[in-house]
Structure formats: C-alpha cells, structure tokens
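Here is what each chain is made of, one letter per residue.
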Amino acid sequence: MPAVSLNTDVALGVAIPSRNARGRIARLGPVLDSILASHAYPPPIEKLLAEALTLTALLGSLLKEAQGQLTLQAQTEGGIVDLMVCDYLGGELRGYVRHDPERLAEAPAEPSLKELFGKGYLAITFDQPVSEERYQGIVPLEGKNLGEAAQSYFAQSEQIPSLVRLAAEKREPGWSAGGLLLQHLPEGEEGRERLHTRLDHPDWPHIAILGGSVKAEELTNPELPLDDLIWRLFHEEDEVRTLPAVKLRRGCRCDPAYVRSVIARFPEEEREAMVGEDGFIRVDCAFCSSSFAIEPKELSS
Ligand SMILES: [Zn+2]
C-alpha cells in the first residue's frame, strides 16, 4: 500500500496516552486550490473558507464511521458573510461562502469574525448513519478567529478541554492551510463512557502549552511533514502515537438526477418561470459551481 504523504492534503490522528490527550493535525494545499477554483472569492473570503475547510477536516476525521458526515454551517445576522457551508465525507471536502462583495470592499483587509459574520453562529453537525448517531452543537462566532470559536464549542458544549489552532496563508503556488486539534480525554479509550472530566487536570495545561506553541508558519509549511511537526511539539513526552492518515480530496456529491427530482417537485407554473431564454432550467451547484441544464419537458410526466 503506498504511504500517504504527510506533507499536504492529509489529516493525521495523534495520541499522547500518558497525558490522556489526543487529537488531529491536518494540512490542506492543492485540495484548497481545487475547491477555491470553483469560486472567484476575494482573498479574505478565500482565507476564511481555507480555515473553515481545515476545521472541517479536523472535525470530520474524528468520525469513526467511514460513511459519517460532518457539516459546518454558519448562520449570520448583519455580517458581510450571510452563509458559509462546509462538509466532510470519507476524506472528501467541499464548501462555499455567500457574501456581500461591496461591504467586503469597505472592510479592513483582514476583517474580524464580528465584521465577517455580524451576530453569527456556527452549527457543527456530526452525522453517523450506521449507528444512527446525529448530534449538533451550536457555537457563537466570537473570538479572534474560527479556531477560537471552535475551541469554545468544545469547552462549552462538550465540556472537553480542547485546543484548536488554524492558519491559512497564500503561498507560491497556491493556498496552504493547517490546523491542530488536541483534546483532553481522561479514560478516553474508544467506546468508554466519559464519567468525569477534571477541567484543571495538570496533564492538560502541559499539553495545551506545548500544542499552543505551534506557529502559523509551521501549520502551513508544506515542506514540514505533520509527523515531524508533532515530534517537534511533543518529543519530550513518554509516548506519542500517530493513527493512520486520511487523505483529503475535493469531492462534491451533487447529482443531476437528484437536482432534476427536486425541480420536478415544484408546481408547473413555478417551473415555467424558471425556464431561461435558451429553453432550459439551469441549476448551479453552490459547492462546485457545476451547472445543470434541465429540459422542462423531461419533468412533465
Ligand atoms: Zn457540486
């Protein structure tokens, strides 16, 4: 089996058993360029989506089921961005952002979360179809960046001491983003119920300091393999383990037959109003910008 490159477009699981800590580290490069190429976003929106996709990869790769899906959706009020959606399924990522270009042009070059989202919330949905586990957490989009907002999600909604770091940078030849998620999970063997978490456990501050020392440049540097970076951060620990790496790819699940079935459910008069000058109903996929042309007569049965 060919080894997965640990430099880019990959998520790697990490465990530090003696400290009851584990997490994920991820770096995205060409996969970001390929997702961003479907859109023509200005740099601040590209950076936001790059960070959001990195967070999606970190959280998605926590799912145990191969068919598990993770969705991030930002709901906003009065922000420059009015919708942002990213999802993860089996290593495949996709995402888009709807924003107001005129307001963005008036904002500072590096807009804050508040400027971008106004009064915003991030809904994080974990969906595992095999075990029928589905849960959603909602976190206010507050703090310096998405990483901080995600970190408070774990602290508040899940009561798990966590560290989240995200960084994204446009380098040559394209975007590079990286993220680190570490969690303190005492007695956290797979499948065991968590009875109690001490928020002040001395192991955790130690791991949070080491993990928190990671630099944005280290997260985004595609020359630095992720296992080397983990070693750099935690080499003084008794034991550091990595889990099998997950290759990250761009993937869209839009499907012409599904699009047609959705349009077919509209009343006939509404469908007629959708027909363009060329005689087709055109539907674009917001994620990948694929355009589907549907002939109205294939719908009337
Ligand atoms: Zn699509």
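Before any of the text, the structure's been laid out above.
Residues numbered from 1 in each chain as written. Predicted model: local features only at pLDDT ≥ 70, side-chain atom pairs only at ≥ 80, totals over all residues. Heavy atoms only, no water.

(A) Spatial organisation of the packing of helix H2 (residues 43-60) against helix H5 (residues 146-156). In the contact formed by H2 and H5, the axes pass within 10 Å of each other and the chain directions differ by 30°. Classed by the angle they form, the pair H2 and H5 counts as roughly parallel. In contact with Leu48, Glu51, Ala52, Leu55 and Leu59 of H2, H5 contributes Leu146, Ala150 and Phe154. Along the lines of polarity and charge, the residues of the contact of H2 with H5 split into seven nonpolar, no polar and one charged. (Axes fitted to C-alpha atoms, helices over the stretch in contact; angles between N-to-C directions. Helix = DSSP H or I, 4+ residues; strand = E, 2+ residues; numbered from the N terminus. Parallel < 35°, antiparallel > 145°, perpendicular 65-115°, else oblique. Contact = heavy atoms within 4.5 Å. Nonpolar A, V, L, I, M, F, W, Y, C, P; charged D, E, K, R; others polar.)

(B) Here's a closer look at helix H8 (residues 226-234). Among the residues making up H8, those that are buried are Leu226, Leu229, Ile230, Leu233 and Phe234. Across the axial projection of H8, the buried residues extend over an arc of 110°, all falling on one side. Buried residues in H8 make contact with strand S1 (10-16), strand S2 (21-28), strand S9 (175-184), helix H6 (203-212) and helix H7 (216-220). (Buried < 20%, exposed > 50% of the residue type's maximum accessible area, 1.4 Å probe, protein only. Arc of directions from axis to C-beta.)

(C) Here's a closer look at the coordination of the zinc ion. Protein ligation of the zinc ion involves Cys252 (SG), Cys254 (SG), Cys285 (SG) and Cys288 (SG), the donor distances falling in the range 2.2 to 2.3 Å. Metal-centred angles of 104 to 114° between the four donor atoms at the zinc ion mark the site as tetrahedral. Read in sequence order, the donor residues for the zinc ion give the motif C-x1-C-x30-C-x2-C. No difference in accessibility class separates Cys285 from Cys288, as the two residues are buried. (Donors = N, O, S within 2.8 Å, 3.2 Å for Na, K, Ca; no water. Tetrahedral: all angles 85-135°; square planar, octahedral: opposite > 155°, others 65-115°.)

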